[in-house]
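As a plain string of letters, each chain reads:
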Amino acid sequence: MNIPVFDLKRQYKYLKTELDNAFTNVFDSGTFVLGENVRMFEVEFANYLGAEFAIGVGSGTEALHLSLKACDIGPGDEVITVPNTAVPTISAISFAGARPVLIDVTPDTYTIDTKKIEKKITNKTKAILPVHMYGHSSEMEQIKKLAEAYNLRIIEDACQAHCAQYNSRNVGTYGDMGCFSFYPTKNLGAYGDGGMIVTNDEEFYNRLIMLRNYGEVKKFTSQIEGFNSRLDELQAAVLRVKLKHLQTWTNRRREIAMLYQQLLFNSNVQLPCERQWAKHVYHLFVIRTNRRDALREYLQERGVGTQIHYPIPIHMQEAYKKLGYQEGDFPMSERNAGEILSLPIYPELTTEEIETVAGLITEFQGAT
Ligand SMILES: Cc1ncc(COP(=O)(O)O)c(C=O)c1O
């Protein structure tokens, strides 16, 4: 048996002709950077989410970094976010020159505990950066209220949450900017790196267009200092093909999640929750058990791949010791790191495979 935690080959097999044609068309066009595919994909992605504008960039990390720069957030500023996230959420903040201020997550959604935000707001706070972790929305209404009360920007890390919703509206469209990653294993994944920022604000849009391309307003004329962070034509062409399938894939992810929920209902692992205001898109299906490492080994020995997202919370990473936090500062995130396990979940996973994974988890519990 071999059920990997991710399997990108299955999707390619299924879309091979369409994807090969899309690639060939780009090669034939002779345009590889900021051409028709990027322009069209930006329009299609913005429409898809219900945003006014979209700006294709080099990665999800860059989407976050450029968004912070577009808000003029830098040295001396603080940005509120979570310790239970991928490192790039934090590196984007610190590379902008600002200080990440961490707040623990809730035990069920793994997203920012909004009750704890207000106490951490200081006169240096410039933005809240909620992470829609694993594909479940953060509590955007509370975040918006605080942002309005304290005049803060909201930059959403939606890198794991393509078409996840909060109160029936797509995440990424609540804040000043929403940031997406197209890393290959994401719900909408490229064949390399890629990212997107969505916004409803034309001024931010104009600034981001410059920031991603040497600060240029037109060729060889830089109005502001900028970077080189552009989504390329090959990736945009692939993403345009895949975007047409995203709704079906999201539905299938939700179906798989429901099946896992049913099959593991009587087990003693903690299953993911979906709050009534959220539409979870299950980028990851994360269970929690205090026998995580033994279970992971049991599954691995039987051909089932799993992953831990993430094993070391930010404040305990060597690179971020400089933030000055201690072990014990974020109990939920620390507990998660030792107990969470991501099971295989991708649209091509078969029902038989899901039953096998769930069956092995039940068997493990009976056997130990
Ligand atoms: C929550 C989160 N934020 C940011 C990123 C960074 O995205 P990228 O890998 O495209 O730079 C990722 C991707 O791993 C992520 O999962």
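Just so we're clear, the structure is a prediction, and the values are computed from it rather than from any experiment.

### What to know about helix α1 (residues 8–29)
Along an α-helix, a turn takes 3.6 residues, which lines up residues three or four apart on a common side. For α1, built from 22 residues, the straight-helix expectation of 32 Å at 1.5 Å per residue is missed by more than 12%, its first-to-last C-alpha distance being only 27 Å. At L15, α1 is deflected by roughly 80°, the largest bend along its length. Listed in full, the buried residues belonging to α1 are R10, Q11, L15, L19, A22 and V26. Sitting at the head of α1, D7 places a side-chain oxygen 3.1 Å from the backbone nitrogen of K9. Just past α1, the residue G30 takes up positive phi, approximately 75°.

### Details of the sheet that holds strand β3 (residues 99–102)
Taken together, the seven strands give an open sheet; going across it, the order is β1-β9-β8-β5-β4-β2-β3, and neighbouring strands pair in mixed fashion. Every other strand in the sheet has two partners, leaving β1 (53–57) and β3 as the edge strands with one partner each. Taking the axes of each pair of neighbouring strands and ignoring which way they run, one obtains an average angle of 25° across the sheet. The sheet contact formed by strand β8 (residues 177–181) and strand β9 (residues 195–199) spans four bridges and is antiparallel.

### Looking at the domain arrangement of the protein chain
Domain annotation for the protein chain reports domain 1 (8–103 + 110–243) and domain 2 (246–367). On a C-alpha basis, the centroid separation for the pair domain 1 and domain 2 is 24 Å. Taken together, the 41 residues of domain 1 in the interface contact 37 residues of domain 2. A buried area of about 3500 Å², summed over both sides, lies between domain 1 and domain 2, and 58% of it is on carbon and sulfur atoms. Contact with domain 2 buries surface across domain 1, with R10, Y134 and N187 losing the most and accounting together for 22% of the total. Summed over the shared surface of domain 1 and domain 2, the number is one salt bridge. Where domain 1 touches domain 2, the interface holds 19 residue pairs in polar contact (both at pLDDT 80 or more). The set of elements that each furnish at least two residues to the side of domain 1 that touches domain 2 consists of α1, α4 (87–95), β3, β6 (165–166) and α7 (233–243). Residues belonging to the side of domain 1 that touches domain 2 are distributed by class as follows: 21 nonpolar, 15 polar and five charged.

### Describing a nonpolar patch on the surface
Residues F27, F32, V33 and L34 make up a contiguous nonpolar surface patch of roughly 340 Å² in combined accessible area. Here F27 shows up in helix α1. Overall, the relative accessible area of 48% leaves F27 in the partly exposed class.

### A few points about the side chain of H309
Inspection of the secondary structure puts H309 in the loop between α9 (292–301) and α10 (331–339). What makes H309 buried here is its relative accessible area of 10%. A polar contact is formed between the side chain of H309 and the side chain of S342, at a distance of 2.7 Å. Setting aside residues up to four positions removed in sequence, H309 forms contacts with F6, Y134, L284, I340 and S342.

### Description of the sheet that holds strand β7 (residues 169–170)
Here three strands make up an open sheet; going across it, the order is β7-β6-β12 and the pairing antiparallel. What marks the edges here is a single partner per strand, and that holds for β7 and β12 (278–279). Of the strand pairs in this sheet, β6 and β12 are connected by two bridges, and their pairing is antiparallel. Counterpart to Y166 in the pairing with β12 is A278.

### A short note on a negative patch on the surface
The grouping of E52, D201, E202 and E203 at the surface amounts to a negative patch. When you line up the elements, E203 lands in helix α6 (residues 202–211). Judged by relative accessible area, E203 falls into the exposed class, the value being 68%.

### Describing the packing of aromatic side chains
Going through the model one piece at a time under the given rule, you end up with 15 aromatic pairs. Centroid distance F41 to F45: 5.6 Å. Interplanar angle 45°. Geometry classified as tilted. Of the two residues, F41 and F45 are both situated in helix α2 (residues 36–49); the distance of four residues between them amounts to about one turn of the helix. By the burial criterion, F41 is buried, and F45 matches it. Measuring from ring centre to ring centre gives 5.3 Å for Y110 and Y134, while their planes differ by 70°; the resulting arrangement is edge-to-face. Here the residue Y110 occupies a position in the loop between β3 and β4 (125–128), and Y134 occupies one in the loop between β4 and α5 (140–150), the gap between them amounting to 24 residues. Of the two residues, Y110 and Y134, both sit in the buried class.

The rules we used
- Residues numbered from 1 in each chain as written.
- Predicted model: local features only at pLDDT ≥ 70, side-chain atom pairs only at ≥ 80, totals over all residues.
- Heavy atoms only, no water.
- Helix = DSSP H or I, 4+ residues; strand = E, 2+ residues; numbered from the N terminus.
- Expected span 1.5 Å × (residues − 1).
- Bend = angle between axes of the 7 residues up to and from the residue.
- Buried < 20%, exposed > 50% of the residue type's maximum accessible area, 1.4 Å probe, protein only.
- Polar contact = N/O pair within 3.5 Å; in protein donor to acceptor, adjacent residues only side chain to side chain.
- Pairing = 2+ DSSP bridges.
- Axes fitted to C-alpha atoms, helices over the stretch in contact; angles between N-to-C directions.
- Domains from an automatic or database assignment.
- Contact = heavy atoms within 4.5 Å.
- Buried area = accessible area lost by both parts, 1.4 Å probe.
- Salt bridge = Lys/Arg side-chain N within 4 Å of Asp/Glu carboxyl O.
- Nonpolar A, V, L, I, M, F, W, Y, C, P; charged D, E, K, R; others polar.
- Patch = residues over 30% accessible without salt bridge, like charges linked within 9 Å, V, L, I, M, F, W, Y side chains within 5 Å.
- Areas by Shrake-Rupley, 256 points an atom, 1.4 Å probe, with all protein chains shown as cover.
- Lys, Arg positive; Asp, Glu negative; His and termini not counted.
- Charge placed at Lys NZ, Arg CZ, Asp CG, Glu CD.
- Phe/Tyr/Trp six-rings, centres within 6.5 Å; stacked < 30°, edge-to-face > 60°.

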